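Notes for the structure review
So you can see what is in the structure, the chains are spelled out below.
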Amino acid sequence: PGKGRLSGNNLKAEAFYKKDSVFTAKARLDISEKSPNFNFLLHQSNYDKYNWENNFASIRTKTLSGIIKSKWINTSVDITNIDNYTYFDENNKPQQFANQITYLKVKASKEFKYKKFALNNTLMYQNVSSGSSVFRVPEMVTRNTLYYQDYWFKGKPMLVNIGATLKYFTSYKANAYNPLLAEFTLQNTQEISFPTVDVFFNAQVRRTRLYFKIENVTSSFTEKNYFSAPNYPYRDFVIRFGLVWNWF
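Here's what I pulled together on the structure shown here. (Residues numbered from 1 in each chain as written. Predicted model: local features only at pLDDT ≥ 70, side-chain atom pairs only at ≥ 80, totals over all residues. Heavy atoms only, no water.)

Now for the packing of aromatic side chains. Within the structure shown, the criterion is met by 16 aromatic pairs. Between the aromatic rings of tyrosine 47 and tyrosine 50, the centroid separation amounts to 6.3 Å while the plane-to-plane angle is 75°, which identifies the pairing as edge-to-face. On the accessibility criterion, tyrosine 50 (14% relative accessible area) is buried. Ring centres 5.5 Å apart and planes at 75° place the aromatic pair tyrosine 85 and phenylalanine 135 in the edge-to-face group. Here phenylalanine 135 lies in the loop between strand 10 (117–130) and strand 11 (140–152) and tyrosine 85 lies in the loop between strand 6 (74–83) and strand 7 (86–88), a separation of 50 residues in the sequence. (Phe/Tyr/Trp six-rings, centres within 6.5 Å; stacked < 30°, edge-to-face > 60°. Buried < 20%, exposed > 50% of the residue type's maximum accessible area, 1.4 Å probe, protein only. Helix = DSSP H or I, 4+ residues; strand = E, 2+ residues; numbered from the N terminus.)

Structure, rendered in structure tokens:
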């Protein structure tokens, strides 16, 4: 709990069940109440339209989660209700949503292995049944990694990991970034959605690790339409490499 105008509280409860080595199940309840970001309450600037002082109510959030981990698949379900959600509108003005936001997130992950190869998959579904006009998320998000792993050379001195990762999210009207506020604001003119492919090579010899990664490989021959936020391009074709040497 805090003191004064910027106050809040948080409550967490959790129940856990384990069935031998077959699966584990967890249920969790998170309840929190906190003041909005200080930028929503008070902002002073030399720009006339960026001056305000508000007396917004505290944001109340309730999240009920269920998590199951097993040898077949790992899944989680989160149901979140948010009251007094605060946001910046299309005119960069702070607002507080009058209704309740109801947000569902379902996530599943599974890794398939065959000899020295593996395919690791993570899929997430999101749905905002109430409040989607101000709380926006992509409906589907996926991350898939195909890789090869083995020991190289006689005596198996080097562990090698080679593969590629595909990331993709469905089209949605992502919030725009306002550098003057250092905050994200609503916008209704541009949708973003794009796949990225990263290729990597990792090698480990005892306490030494070598890594080599090529990010956003497809950007060199696909349409230049990848954005982190409207008017802010996602990183272009980049090669990263390095050496990690642990002395002890």
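This part is about the pairing of strand 6. Summarising the sheet, strand 5 (residues 59–70) and strand 6 pair through 10 bridges and their orientation is antiparallel. Bridge pairing links isoleucine 68 to threonine 75 in strand 6. Where strand 5 hands over to strand 6, the hairpin turn is made up of three residues, counted between the paired strands. Of the strand pairs in this sheet, strand 6 and strand 9 (residues 101–114) are connected by nine bridges, and their pairing is antiparallel. Pairing of valine 77 across the sheet is with valine 106, part of strand 9. (Pairing = 2+ DSSP bridges.)

Moving on to the sheet that holds strand 1 (residues 8–19). If you walk across this open sheet you meet the 11 strands as 1-2-5-6-9-10-11-12-15-16-19, and the pairing is antiparallel. Among the strands making up the open sheet, the edge pair consists of strand 1 and strand 19 (238–245). Recorded for the sheet is a direction-independent mean angle of 10° between the axes of neighbouring strands. Where strand 1 meets strand 2 (residues 23–34), 12 bridges bridge the pair, whose relative direction is antiparallel. Looking across to strand 2, one finds that lysine 12 is bridged to aspartate 30. (Axes fitted to C-alpha atoms, helices over the stretch in contact; angles between N-to-C directions.)

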